[in-house]
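Inside the fold
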Amino acid sequence: MAAARKSKRKSPGLLIEIPGFLRYLRDDRGLSANTVAAYGNDLKQFAKFLDERGFDSWNADRSAISEFLNFLAGREYEPSSQARKLAAVKSMYRFLVSEGKAAADPTQGLGGARVTKKRPTVISVGDVDRLLAAAASTRTPEGYRDSAMLELLYATGMRVSELVALDVDDVQFDAGIVMCGRGGGRQRHLPFGARAGHAVLGYVRGARRKLLKSPDEPALFLNHRGRRLTRQGFWLIIKGHAAAAMIETPTTPHTLRHSFATHRLRGDTSIPEVQSLLGHASPATTQVYLELAREKGAIDALPGSATSGPK
């Protein structure tokens, strides 16, 4: 193996090289601030990945790159996100080699990650009902939290990253609106119905107080340590409730977002409205949900369904 690994953790030698590369992207290549910021986040993630596997510098080998790609796929990152992260790593190594800060480029000759348009995974209204019921049946502080998160996620269609980033002050219960995207995404004020509002308000007044460790914690959804629940933590939570509900379709937080959009379009909500709710820059991105909504059997909503679409 060409690269040496070490036993210690948290090597500063990995992170210290990133700012110089980002300045190069900004000043020499003229990339936008958003692109530079995205590359920075991707490279910090890769640097953490290397550090956790014992690398004390960027002198990694091809096997480390392959492990990273497998890691991204295992975490169910979208193909486009995997491609962008690989592009950032490849560009970083070209820069490091040119600056004499890396002995070799382990990404040389490695093609870009294949980006294919895959159909969004959607579950039926009946499956959503069972998922929400499974979470609501768990009468613990964590169970009330899970129920509130799932209800709010399906009622608004927000991204899981936006959901876990919410603070208590982001929810306006009287108006039935939640503000999301303050962390750098497209800021949106999303309406939610009485069902989701009841679940979230009940959680805030009860279970959240039991999970809270510090009165200064602003996060809406807390883990058992009283800190903000992570994206990865919620990913495991929804997997557990989907299994309990015996839902056969692989179900992730993004599945509820896809289902929200498809169910709304199957109802009386227009593409521009759903586009605005989802925060899509282009209506073409939203169009795929209309195609799903038109397919026979895309939704099994029946009269008297507990949900019959997002509320």
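Quick note: structure is the one above.
Residues numbered from 1 in each chain as written. Predicted model: local features only at pLDDT ≥ 70, side-chain atom pairs only at ≥ 80, totals over all residues. Heavy atoms only, no water.

Quick look at helix α9 (residues 194-205)
An α-helix turns once every 3.6 residues. As a result, residues three or four positions apart point the same way. Spanning twelve residues, α9 covers 16 Å between terminal C-alpha atoms, matching the ideal 16 Å at 1.5 Å per step. For α9, the set of buried residues is Ala196, Gly197, Ala199, Val200, Tyr203 and Val204. When α9 is viewed along its axis, its buried side chains cluster within an angular range of 165 degrees and face the same direction. Looking at α9, the residues exposed on the side facing more than 90 degrees away from the buried face are Ala194, His198 and Arg205. Against α7 (141-156) and α10 (207-211) lie the buried residues of α9. (Helix = DSSP H or I, 4+ residues; strand = E, 2+ residues; numbered from the N terminus. Expected span 1.5 Å × (residues − 1). Buried < 20%, exposed > 50% of the residue type's maximum accessible area, 1.4 Å probe, protein only. Arc of directions from axis to C-beta. Contact = heavy atoms within 4.5 Å.)

Observations concerning the pattern of salt bridges
In the structure shown here, the tally under the stated rule is eleven salt bridges. Linking Arg53 and Glu67 is a salt bridge whose minimum nitrogen-to-oxygen distance equals 3.9 Å. In this pair, Arg53 sits in the loop between α3 (33-52) and α4 (62-74) while Glu67 sits in helix α4, placing the two residues 14 residues apart along the sequence. For Arg53, a relative accessible area of 29% gives the class partly exposed. Where Asp167 meets Arg228, a salt bridge forms, and the shortest distance between an N and an O atom there is 2.7 Å. One end of the pair, Asp167, is in the loop between α8 (160-164) and β1 (171-172); the other, Arg228, is in the loop between α10 and α11 (231-244), and 61 residues separate them in sequence. The buried category is assigned to Asp167, whose relative accessible area is 15%. One network of salt bridges, with partners in common, ties together Asp42, Arg84 and Lys85. (Salt bridge = Lys/Arg side-chain N within 4 Å of Asp/Glu carboxyl O.)

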